[in-house]
Amino acid sequence: MKRINEYKKLFGVEKEIDLKTLKKSYRDLVKEWHPDKFQNGDPLQVEAEIQSRRIIDGYHFLVSIAPETLEANLAAYTETINNGGIADYHHKGLVLEITFLDGSTYEYFGVTPQVYHKMINTDKLNRFAKRTIYPNYTYRKTKKSLEQV
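These notes cover the structure that comes with them. Source: prediction; values computed, not measured.

### As for the overall build of the chain
In step 1: Within the chain one finds seven helices and four strands.
In step 2: Seen in sequence order, the chain has helices and strands lined up from the N terminus as α-α-α-α-α-β-β-β-α-α-β.
In step 3: Summarising its shape, the C-alpha atoms of the chain cover approximately 60 × 35 × 35 Å along the three principal directions.
In step 4: Relative to its 149 residues, the chain shows a buried fraction of 38%.
In step 5: Sequence separation of 24 or more characterises 56% of the internal contacts of the chain that already satisfy a separation of 6 or more.
In step 6: Element-wise, carbon and sulfur atoms account for 51% of the exposed surface of the chain, whose accessible area totals about 9800 Å².
In step 7: Where the 23 positive side-chain charges of the chain centre and where its 20 negative ones centre are 5 Å apart.

### Thoughts on the environment of Glu 32
In step 1: For Glu 32, the location among the structural elements is in helix H2 (residues 19-33).
In step 2: A relative accessible area of 41% means that Glu 32 is categorised as partly exposed.
In step 3: As for Glu 32 and Lys 141, which are separated by 109 residues in sequence, their C-alpha atoms are 29 Å apart.
In step 4: Once residues within four sequence positions are removed from consideration, Glu 32 is found in contact with Lys 37 and Phe 38.
In step 5: Looking at Glu 32, its side chain comes within polar contact range of the side chain of Trp 33, at 3.4 Å.

### Considering the packing of aromatic side chains
How two aromatic rings sit relative to each other is given by the distance of their centres and the angle of their planes.
In step 1: Applying the stated rule across the entire model yields 12 aromatic pairs.
In step 2: Seen from their ring centres, Phe 61 and Phe 109 are 5.4 Å apart, and the 75 degrees between their planes marks the pair as edge-to-face. One end of the pair, Phe 61, is in helix H3 (residues 44-65); the other, Phe 109, is in strand E3 (residues 104-109), with 48 residues separating them in the sequence. The same class applies to Phe 61 and to Phe 109, which are both buried.

### Concerning helix H5 (residues 74-83)
In step 1: Every buried residue of H5 is accounted for by Tyr 77, Thr 80 and Ile 81. The arc enclosing the buried residues of H5, seen along the axis, measures out at 90 degrees, which places them on a common side. Across H5 from its buried face, at more than 90 degrees, point the exposed residues Ala 75 and Asn 83.

### Focus: the side chain of Glu 107
In step 1: Topologically, Glu 107 is positioned in strand E3.
In step 2: Those residues in contact with Glu 107 that lie beyond four places of it in its chain are Arg 3, Val 95, Leu 96, Glu 97, Thr 138, Tyr 139, Arg 140 and Thr 142.

### Details of the packing of H2 against H3
Pairs of packed helices are described in terms of their axes, by the angle between the two and the distance that separates them.
In step 1: Close contact between H2 and H3 brings their axes to 9 Å; oriented N to C, the two are set at 170 degrees. As summarised for this structure, H2 and H3 are arranged roughly antiparallel, according to the angle between their axes. Contact with H2, carried on its side by Leu 19, Leu 22, Lys 23, Tyr 26, Leu 29, Val 30 and Trp 33, involves Glu 47, Ala 48, Gln 51, Ser 52, Ile 55, Ile 56, Tyr 59, Leu 62 and Val 63 of H3 and no other residues of that element.

### Regarding the pattern of salt bridges
Side-chain pairs of opposite charge can arise where the charged atoms are in close proximity.
In step 1: Tallied over the entire structure, the rule returns four salt bridges.
In step 2: Across the pair Asp 28 and Lys 24 runs a salt bridge whose closest N-O atoms are separated by 3.2 Å. Of this pair, Asp 28 and Lys 24 both sit in helix H2, four residues apart, which is roughly one turn of that helix.
In step 3: For Asp 28, a relative accessible area of 38% corresponds to the partly exposed category.
In step 4: Overall, Lys 24 belongs to the exposed group, its relative accessible area being 54%.

### Here we look at the pairing of E3
Consecutive residues of a regular strand have side chains that alternate between opposite faces of the sheet.
In step 1: Of all six residues in E3, six are buried; the element is thus mostly enclosed.
In step 2: Alternating residues of E3 divide into Ser 104, Tyr 106 and Tyr 108 and Thr 105, Glu 107 and Phe 109, and every residue in both groups is buried.
In step 3: Pairing of strand E2 (residues 95-100) with E3, which is carried by five bridges, proceeds in the antiparallel orientation. Note that in E3 the partner of Thr 99 across the bridge is Thr 105.
In step 4: If you look at the hairpin formed by E2 and E3, you'll find three residues sitting between the two strands, and Gly 103 has a positive phi there, around 95 degrees.

Here is what the cut-offs are and how they apply
- Per chain, the residues get numbers from 1 upward, laid out in the order the sequence is written.
- For this predicted model, a pLDDT threshold of at least 70 governs which residues receive local features, and a threshold of 80 or more governs which side-chain atom pairs are given and counted, while totals over whole chains, interfaces and linings are taken from all residues.
- Here the side-chain values reflect all heavy atoms present in the structure, with hydrogen atoms and water set aside.
- Put simply, DSSP marks the helices as runs of H or I at least four residues long and the strands as runs of E at least two long, and each gets a number from the N terminus on.
- Partly exposed describes any residue whose relative accessible area lies between the buried limit of under 20% and the exposed limit of over 50%, with all areas from a 1.4 Å probe on protein chains only and scaled to the type maximum.
- Whether two residues touch is decided by their heavy atoms; if any such pair falls within 4.5 Å, the residues are in contact.
- The accessible surface values rely on the Shrake-Rupley method and a 1.4 Å probe; as for residues, cover is taken only from the protein chains in view.
- Only four residue types enter the tally: Lys and Arg on the positive side, Asp and Glu on the negative side; His and the chain ends are excluded.
- Positions of charges follow a simple convention, taking NZ of Lys, CZ of Arg, CG of Asp or CD of Glu.
- Here a polar contact means two N or O atoms within 3.5 Å. Within protein one must be a hydrogen donor candidate and the other an acceptor candidate, and residues neighboring in sequence count only if both atoms are side-chain atoms.
- Stacked, edge-to-face and tilted labels apply to pairs of Phe, Tyr and Trp rings (six-membered ring for Trp) whose centres lie within 6.5 Å, assigned for plane angles under 30 degrees, over 60, and everything in between, in that order.
- Working definition: the arc comes from the directions between the helix axis and the C-beta atoms, pointing outward to the latter.
- Axis angles are defined between N-to-C directions and span 0 to 180 degrees, where every axis is a line fitted to C-alpha atoms and, for a helix, only to the segment in contact.
- Oblique is the label for every angle not falling under 35 degrees (roughly parallel), over 145 degrees (roughly antiparallel), or within 65 to 115 degrees (roughly perpendicular).
- Take a side-chain nitrogen of Lys or Arg and a carboxyl oxygen of Asp or Glu: if they are within 4 Å of each other, that pair is a salt bridge.
- Strands pair, by our definition, only if DSSP identifies at least two bridges between them.

Structural data, given as structure tokens:
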């Protein structure tokens, strides 16, 4: 959640992420912090490179959790969580990363250690995730492994 709030603050997003507004903010920030804008030897050149990477990462992150993106990918997500079992999972901080049997991986934000411990101690992992994790936490797709030929 800290990462989401940090990126929202960077782009001036109040509550709901609107892709049109986000794109405008992104373009304005890139113009301001583009590394080519600063000459060699300028002390702000290094900071501009760091800020530029942060802006690009933040933009892609916020786009991945935007309601429009989630809605566009809802059918594939629903298929994955209903028909694909959990292959692997990792919890770090408040982020739970679940890899499904179809190779797709999703991150769930705000999952507390208490919820994670309940999850790993259950004898019905998929059922617990369907009832507790999937409907209650902000998520984003992070990667999909190459499908085997």
